[in-house]
Every structure is written in structure tokens, then in C-alpha cells.
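Structural description and commentary
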Amino acid sequence: MWTERVVRPSLFFGLAVTAAGDYIGQMSTSYGQFCPIAKASEIFATRWTPLVVRELMTGVHSFNDIHRGVPLISRAVLVARLRELEDHGVIERRPRGADGAGHEYWLTPAGEGLRVVVHALGQWGMTYTHDRIKRSDLDPALLIWGLRKRVDLSTLPDRRVVLRFEFSGVPASRTKFRIMWLILGRSGVDVCMKDPGFAVDLTLRGNIRDYVEVYLGHTKWSDVAGTTLQFDGDLQIARAFPVGCDLKR
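Here goes a summary of the coordinates provided. What you see is a predicted model; the values in this text were computed from it and never measured.

Cut-off values and rules
Residues numbered from 1 in each chain as written. Predicted model: local features only at pLDDT ≥ 70, side-chain atom pairs only at ≥ 80, totals over all residues. Heavy atoms only, no water. Axes fitted to C-alpha atoms, helices over the stretch in contact; angles between N-to-C directions. Helix = DSSP H or I, 4+ residues; strand = E, 2+ residues; numbered from the N terminus. Left-handed = near helix turned anticlockwise from the far one by under 90°. Contact = heavy atoms within 4.5 Å. Buried < 20%, exposed > 50% of the residue type's maximum accessible area, 1.4 Å probe, protein only. Arc of directions from axis to C-beta. Polar contact = N/O pair within 3.5 Å; in protein donor to acceptor, adjacent residues only side chain to side chain. Expected span 1.5 Å × (residues − 1). Parallel < 35°, antiparallel > 145°, perpendicular 65-115°, else oblique. Nonpolar A, V, L, I, M, F, W, Y, C, P; charged D, E, K, R; others polar. Core = buried A, V, L, I, M, F, W, Y, C linked by side-chain atoms within 4.5 Å. Pairing = 2+ DSSP bridges.

1. Some points on the packing of helix α8 (residues 140–150) against helix α9 (residues 208–216)
α9 packs onto α8 with a crossing angle of 35° between their chain directions and a minimal axis gap of 11 Å. Relative to α9, the crossing made by α8 is left-handed. Contacts from P140, L143, G146, L147 and R150 in α8 reach I208, Y211 and Y215 in α9.

If you want it as C-alpha cells, here you go:
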């Protein structure tokens, strides 16, 4: 129990505070333990790092594309995280294109070794964190970016396919993403936040939470398609949508 007596700090107390401050500063980058979990956490468990590694594991390599997958990280912090991962031998920079203009980020063998860790973390999150998803977490841009990465290009017809998404229930901070487009082609998939000016093949409407539930596999597409989630347009594309975007049917 503290007493009510007030005394001036002693010299020992001042030295102790200084020493503690030094120790805390050291602990910001090191746990000071030889334990493999501690050493791995010093590399992998810093803020934003697991999400940056997640993006790289989905085949994303450019700085801008990594940032699109982790939009709330500042560009300065992303630069720092990528540099740290490179210093630790988790990623490497490679020249982009034959002319070497710019560079891309690729996982090293050490980075590839983290796949089992990221997969296990994701499985744990699927099992135990579903009730932690708040309305403010429901980001349409992140959902569309995730769908883009899931598209199986081999399932697409030999022409451009345009999907328009109209979301309800979007958080106030993300209303500019309420309407978005996916432009699909054999050569790749583009995400648009403004009308690209192409004829729309399929329009999909519904609450952002319901789309997230399907995306995460908590709800089957077949249970909500045509009811909670509405669509109109090319029915052949509508039937192919869950297959091409790897959704639980």
C-alpha cells in the first residue's frame, strides 16, 4: 500500500527511471530472448508486417499493389516495413522489366517458409475472430481487391467482362467505394472506382456485410444469390461468378 506521505524522488529513483526507459527502448525492437518464437516475432509480429507478407503471398509484387491490399498503412510505414523485411532476408527486390525501370518485391526462401505461419494464422482467425468483425471493418475496396486476386483467368470468355457492384450498408468513412467495377479479361483484372465507360455485363447489389460473409466462406453463395444478394444482366456470367471468383457455393 502506498502511504499518503509525499517525498521528493530520490537519486536512485531517477536512475531507475532512466534505466527503465533504455530497457523499454531496446524492447521495441527486441524481446531480449533466445527463444525462437521471440526471435521470429521480432521480424514477423511488428504492426502491419503480417498483412504486407499476406499480400506478397497472393502474387502481388509492386509497391502500389501491396498498398492497395493494405490501404490504411501510410506509404512511409510501408517503405519501412519492406526495408525491414528485406534486411531480415524475408523478401528481395528485383528489377521490373527488361529495362530495369523500377523494382518489385518477391519472397525469398525464408519468406516462402512463412506460408504455413500465415495459413495457420488465417485459419485461427476464421475460427475464433468472426465476432470481432465490426461495421467499420467492412471495406468494399478491400473486398473488390480480394476478388480481383481470386479470379481464375482461365474461366473467362475470350472478351472483356464488366461487373458493377452496388453495396449498401457501407461505413460512412468508405461511402466513396459504394459503387465499384471489376474489368475482367484473359490478360488480367482491373479495379475501377469510377465508371470505366464500358457496357456492364452483370450488376451485383447487396449489403457489404453479406458479401464479406460469402467472401470469407461463412455463407454459401447459393444461399443468398437472388435473395439477399441481387444481380441482373448476363445470367451465364452470373452462374460463373462464384466459380471464377473462388467463392463458397
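2. Description of helix α11 (residues 235–244)
Every buried residue of α11 is accounted for by I237, A238, F241, P242 and G244. Along the long axis of α11, the arc covered by the buried residues comes to 165°, so they all point the same way. Of the residues in α11, the exposed ones pointing more than 90 degrees away from the buried face are L235, Q236 and R239. If you check the start of α11, you find a side-chain oxygen 2.9 Å away from the backbone N of Q236, and it comes from D234. Within two residues after α11, D246 carries a phi angle of roughly 55°, on the positive side.

3. Comments concerning helix α5 (residues 75–87)
The first and last C-alpha atoms of α5 sit 18 Å apart over 13 residues, in line with the 18 Å expected at 1.5 Å per residue. For α5, the full list of buried residues reads L78, R81, L82 and L85. Taken around the axis of α5, the buried residues stretch over an arc of 95°, which confines them to a single face. What points out from α5, more than 90 degrees from its buried face, is the exposed set A76 and D87. Phi turns positive one or two residues past the end of α5, at G89, with a value near 80°.

4. A few points about the packing of helix α3 (residues 49–57) against α5
Look at α3 against α5: their axes get within 10 Å of each other, and the N-to-C directions meet at 75°. With respect to each other, α3 and α5 are oriented roughly perpendicular. When α3 is examined against α5, the residues T49, V52 and V53 are found in contact with a partner set consisting of L78, R81, L82 and L85. Residues belonging to the contact of α3 with α5 are distributed by class as follows: five nonpolar, one polar and one charged.

5. Quick notes on the nonpolar core
Within the largest apolar cluster, 31 residues are counted, with the highest numbers of intra-cluster contacts made by L147, L163, F165 and F241. Mapped by element, the contributors of at least two residues to this core are α8, β3 (161–168), β4 (179–185), β6 (202–207), α9, α10 (221–224) and α11. Not counting residues up to four positions away in its chain, the partners in contact with L163 are M180, W181, L182, L184, L202, L204, I237 and F241. Counting residues in hydrophobic clusters, the runner-up holds 20 residues, among them F44, M57, L85 and Y105.

6. Overview of the sheet that holds β6
Spatial strand order, β5-β4-β3-β6-β7: five strands in an open sheet with mixed pairing. Two strands close off the open sheet at either side, each with one partner strand: β5 (188–192) and β7 (230–233). Mean inter-strand twist for the sheet, computed between neighbouring axes without regard to direction, equals 15°. For β3 and β6, the ladder comprises six bridges, and the chain directions are parallel. Among the inter-strand pairings, F167 is bridged to a residue of β6, identified as G206. Each of β3, β4 and β5 is contacted by α8, which is oriented at about 10° to β4, the strand it contacts most. Its contacts with the sheet place α11 against β3, β6 and β7, and it is angled at close to 70° to β3.

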